[in-house]
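Analysis of the macromolecular model
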Amino acid sequence: MTTQPEFVFATEKFCRHLNELDARERRETAPLQLTVLATMREFASRARFIRLGGIRHHAYEYGPVDGPAVMLLHGWDCSSYWFYRLAPALGRHGFRVIAFDFRGHGFSDADPQDDYALPTLAQDTLRLADLLGIQRFHLVSFSLGSAVALLVGTLAPKRVGRQVVMNFGLFDYGAVQARLLPFILRTIFDTLRRIPSKTLVYRYVSATLCQREVEWRDVEMAFTSLVYCHSQAAFLAVTDLVRPERVAQVQHAAGRAHPTLVITGEFDPVVPFADSARLARTIPETRLHILQRTGHLVLFERPDEIERLTAGWLAGG
């Protein structure tokens, strides 16, 4: 294990993002947009690129390097930018926070071999911890990233401390679901990727995924994640999630999971409450917290509550 990881050149996707930021800063002067651009510049300044499994991955850190380590695992068709509120907040609580983009997602390169199986993403998580010299860490995850987190716990049980799982649950394998869901999701989100108007995307997401108003910065950070995510990476990741052997593997991992806080939105349209409750019943030591009048995007809909719950649980509360 080394504490001096070899950082590499930025990916082409990230360079395009910087060029777009330059162009927008020259043409956009509204205070609202300047706030968004300042947030993006802050995160871009922390970007590091490191090879995991031969693929360049985007990562960033917050907090003291000697603090308890926390690794953030994002959801499907998302990126680490979804933690743009939570990562610095946990850093202020004294945690060493590491967030990264799964292969093919965000600013990480796509895999030439198209390997986006959840165990591979779990191995990438452990590789990153190894290269950063982190032996033990907590895990905070959202949606599909929570399946990856549970698998990390089975691959390296002695290295994982506490976990926070957001908007994820256990479900039984269904042949029709496994066959149709990946194609339906790809069609919807590939269409959203091609829409130039963020306002239209915001209205669609607000109507289908949220119960509470979100800020324009949330829209921008989520839209950036969506645009730069490799469509095939998202498609194959969700395809793997609903395979019968993976469903069984994740269920088995939940039965051996470390102390876990399960957070769910009361009206989550993506993950039914019954699935989140089943996850909470399966994990040996757990607490289930329901966010009232909240949908699937808890990181954006209830950021202050997520910070309070997550920091308290990781601190042992």
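Residue numbers restart at each chain and count upward from 1, following the sequence in its written direction. Per-residue local features of the predicted model are confined to residues with pLDDT of at least 70, and side-chain atom pairs are confined, for both listing and counting, to 80 or more; whole-chain, interface and lining totals are unaffected and use all residues. Hydrogens and water molecules were not included; the side-chain quantities draw on all heavy atoms of the structure.

1. Section: the overall build of the chain
Put simply, the rule is: By the criteria applied, helices consist of DSSP H or I runs no shorter than four residues and strands consist of E runs no shorter than two, each listed in order from the N terminus. In this treatment the radius of gyration is a C-alpha quantity, and the globule benchmark scales as 2.2 Å times the residue count to the 0.38 power. Working definition: with a 1.4 Å probe on protein chains only, accessible area under 20% of the residue-type maximum means buried, over 50% means exposed, and in between means partly exposed. It only takes one pair of heavy atoms within 4.5 Å for two residues to be counted as in contact. Exposure was quantified through the Shrake-Rupley algorithm and a 1.4 Å probe, taking into account, for residues, occlusion by the shown protein chains and nothing else. Positive residues here are Lys and Arg, negative ones are Asp and Glu, while His and the chain termini are left out of the count. By convention, the charge on Lys lies at NZ, on Arg at CZ, on Asp at CG and on Glu at CD.
On a plain count of helices and strands, the chain comes out with 13 helices and 8 strands. For the chain, whose C-alpha radius of gyration is 18 Å, the value lies close to the compact-globule estimate of 20 Å for 317 residues. A principal-axis box enclosing the C-alpha atoms of the chain has dimensions of 55 × 45 × 40 Å. A total of 317 residues make up the chain; the buried ones form 57% of that total. Here the analysis covers contacts within the chain between residues at least 6 apart in sequence; of these, 79% occur between residues at least 24 apart. Counting only carbon and sulfur atoms, one obtains 55% of the accessible surface of the chain, whose full area is about 13200 Å². Measuring between centres, the 36 positive side-chain charges of the chain sit 2 Å from its 33 negative side-chain charges.

2. Re the nonpolar core
Across soluble globular proteins, nonpolar side chains show a tendency to be buried alongside one another. This is how it is decided: Buried Ala, Val, Leu, Ile, Met, Phe, Trp, Tyr and Cys residues form a nonpolar core when they are joined through side-chain atoms within 4.5 Å.
Residues Leu72, Phe83, Phe137, Val148, Met166, Leu279 and Leu299 are the most contacted members of the largest nonpolar core, which totals 105 residues. The dominant element in this core, judged by the number of residues it contributes, is helix H5 (residues 144-155), at 7 residues. When near neighbours in sequence (up to four residues on either side) are disregarded, Leu299 contacts Trp82, Phe83, Arg85, Leu86, Phe142, Met166 and Ile306.

3. A closer look at the pattern of salt bridges
Side chains that carry opposite charge are capable of pairing whenever their charged atoms lie near each other. The condition is simple: We define a salt bridge as a side-chain nitrogen of Lys or Arg found within 4 Å of a carboxyl oxygen belonging to Asp or Glu.
Evaluated as defined, the whole model comprises 24 salt bridges. Residue Arg127 is joined to Asp124 by a salt bridge in which the shortest nitrogen-to-oxygen separation is 2.6 Å. Separated by 3 residues within a single helix, Arg127 and Asp124 lie in helix H4 (residues 118-131), roughly one turn from each other. Between Arg308 and Glu305 there is a salt bridge; the shortest N-O distance is 2.7 Å. Pair noted here: Arg308 and Glu305 are both in helix H13 (residues 303-314), with a separation of 3 residues, about one helical turn. By relative accessible area, Arg308 is classed as partly exposed at 49%. In this structure, a network of salt bridges that share partners links the residues Glu20, Arg24, Arg27, Glu28 and Glu220.

4. Details of empty space enclosed by the protein
Stated formally: Site definitions follow a grid-based scheme: protein atoms alone, a 1 Å grid, a 1.4 Å probe that fits but cannot get out for cavities, and for pockets an open set with protein on both sides within 12 Å along at least five of seven lines, plus lining residues having an atom within 4 Å of a point. Grid points are joined across faces, edges and corners, and a volume is the space filled by probe spheres set on the points. In this count, Pro and Cys sit with the nonpolar residues alongside Ala, Val, Leu, Ile, Met, Phe, Trp and Tyr, while Asp, Glu, Lys and Arg are called charged and the others, Gly among them, polar.
Evaluation of the coordinates by the stated rule reveals 1 cavity of 30 Å³ or more. Within this model, the largest cavity holds a volume of roughly 40 Å³. The element best represented in the lining of the largest cavity is helix H10 (residues 244-254), accounting for 3 residues. Here the residues of the lining of the largest cavity are counted per class, giving 5 nonpolar, 2 polar and no charged.

5. Here we look at the packing of helix H2 (residues 31-45) against helix H8 (residues 216-228)
What counts is decided by this rule: Angles here are taken between N-to-C directions and fall from 0 to 180 degrees, while the axes themselves are lines fitted to C-alpha atoms, restricted in helices to the stretch in contact. Any angle from 65 to 115 degrees is called roughly perpendicular, while one under 35 is roughly parallel, one over 145 is roughly antiparallel, and all others are oblique. Helix crossings get a hand from a simple test, with the near helix turned counterclockwise from the far one by less than a right angle marking a left-handed crossing and a clockwise turn marking a right-handed one.
Running from N to C, H2 and H8 cross one another at 45 degrees; their axes reach a closest spacing of 10 Å. One way to sum up the angle between H2 and H8 is to call them oblique. With respect to the hand of their crossing, H2 and H8 are arranged in right-handed fashion. Across the interface between the two elements, Leu32, Gln33, Thr35, Val36, Thr39, Met40 and Phe43 from H2 touch Trp216, Arg217, Glu220, Met221 and Thr224 from H8. For the contact of H2 with H8, the per-class residue count stands at 6 nonpolar, 4 polar and 2 charged.

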